[in-house]
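Listed here are the chains, written in short residue letters.
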Amino acid sequence: MADELRSRIRSGELRPGQRMPTQARLASEFGVERGAVRQALRILQSEHLLTNVSKGSPATVAPDLGRALTGPGAPPLPTMVALAPRIAAAFAAPHVEIDALCLTSVSFNLALGEPLRQIHAGRLKPAKIDVRILLPSRDIDLAFPAPVDPSMDGRLQRRWLAQRNAQGHVLRHNLQALRSTHGIDVQVTFRALPFTPPVKLYLLNNTEALFAYYTLTKREEQIDHEYLQMYDAEGTQSMLFAFDQGAGLRDTTFVEQSHLWFNALWETISSELTLTI
């Protein structure tokens, strides 16, 4: 029961601040006694997903799910669920610093929607935004996405390159537009990696690291009116692990080493990246 309710909260079916169904209703839905309902609700309260768990009024979904979903001790969640609240929290700082290493910037673009809305609504007011992004070079043979049949032509590579460039242009435009609309000092820089990254990494304001594996699957997709079998990874579904610099020696060390690793790639083997159409 706790797993099912946790899934509903993570998916957004149960929204921040929303009142939960009554314990009687939950007992009827799941076919359990009230004591089991209270136990499940207390589990979710211990994970900071629920508040006001008592025998009286219905519990409430925590109003600040960002920290509960991706903060220290939180379970890993899909990137599409976990990234947006942490990016929005990072934009509350006067100087926003974000480094990202990824296959394309599609997840980053999706996550930027919320902080951009809050900036335009006047709820967030950063003075400066610095974003650095490492993406695979157009000049390499990608490890993935890749056709199952290696004799196939380069359609997958061309499609990935078009997506990489389009997503990069959108990200740069959306952030740099804040200069004229809100007077924010914005710097967005891309560099190219000479390899296909097997993981994705987001470093937020020098205090937090979000890490995920690209897990490959075999699937089929239509490209140019033909179905092609490929090995690929759904980056938005990659499980994102959060590490906070203030959450103990393990997390602090991971954040620090992630910054050293990113900076080493940025300053050594990466090269200038031009988002050509």
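Residues numbered from 1 in each chain as written. Predicted model: local features only at pLDDT ≥ 70, side-chain atom pairs only at ≥ 80, totals over all residues. Heavy atoms only, no water.

*Asks:* Sorry, what's going on with the packing of aromatic side chains here?
*Replies:* Both the distance between ring centres and the angle between the ring planes are used here to describe each pair of aromatic rings. With the rule as written, the count across this model stands at six aromatic pairs. Look at F211 and F254: their rings are 5.9 Å apart centre to centre, the planes differ by 85 degrees, and that puts the pair in the edge-to-face class. Taken together, the residues F211 in strand β9 (residues 208-213) and F254 in helix α8 (residues 249-267) connect sequence positions 43 residues apart. Judged by relative accessible area, which is 25%, F254 ranks as partly exposed. For the pair F262 and W266, a centre-to-centre distance of 5.9 Å together with 20 degrees between the ring planes defines the contact as stacked. On the criterion of helical spacing, the pair formed by F262 and W266 is a turn pair, its members being four residues apart in helix α8. Sitting over the ring of W266, R132 keeps its end group 5.0 Å from the ring centre. (Phe/Tyr/Trp six-rings, centres within 6.5 Å; stacked < 30°, edge-to-face > 60°. Helix = DSSP H or I, 4+ residues; strand = E, 2+ residues; numbered from the N terminus. Buried < 20%, exposed > 50% of the residue type's maximum accessible area, 1.4 Å probe, protein only. Lys NZ or Arg CZ within 6 Å of the ring centre and 35° of its normal.)

*Asks:* Where do I start with helix α2 (residues 23-30) in this structure?
*Replies:* Because the α-helix completes a turn every 3.6 residues, residues three or four places apart line up on one side. Burial in α2 covers these residues: Q23, L26 and A27. Projected down its long axis, α2 shows its buried positions confined to an angular sector of 100 degrees, all on one face. Counted as exposed and oriented over 90 degrees from the buried face of α2: R25 and S28. Where α2 ends, the next residue or the one after it, G31, has phi of about 65 degrees, a positive value. (Arc of directions from axis to C-beta.)

*Asks:* What is the right way to read the environment of A84 from this model?
*Replies:* In this structure, A84 sits in helix α5 (residues 79-90). Separated by 23 residues in sequence, A84 and S107 place their C-alpha atoms 8.8 Å apart.

*Asks:* For this particular structure, what's the right way to read the side chain of R8?
*Replies:* Looking at the secondary structure, you find R8 in helix α1 (residues 2-11). Here R8 falls in the buried class, since its relative accessible area comes to 14%. Once residues lying within four places of it in the same chain are set aside, the contact partners of R8 are E13, L14, E29 and F30. (Contact = heavy atoms within 4.5 Å.)

*Asks:* Explain the pairing of strand β5 (residues 128-136) to me, please; I cannot follow it from the model alone.
*Replies:* Within a regular strand, side chains alternate between the sheet's two faces. In the sheet, strand β4 (residues 95-101) pairs with β5 via seven bridges, with the strands oriented parallel. Of the residues in β5, the one forming a bridge with I98 is V131. Between β4 and its parallel partner β5, the chain crosses via helix α6 (residues 106-120), and the hand of that crossover is right-handed. Bridge count for β5 against strand β7 (residues 185-193) is nine bridges, and the pairing is parallel. Across the sheet, residue L134 finds its bridge partner in β7, namely R191. (Pairing = 2+ DSSP bridges. Right-handed = clockwise from strand over helix to strand, strands pointing away.)

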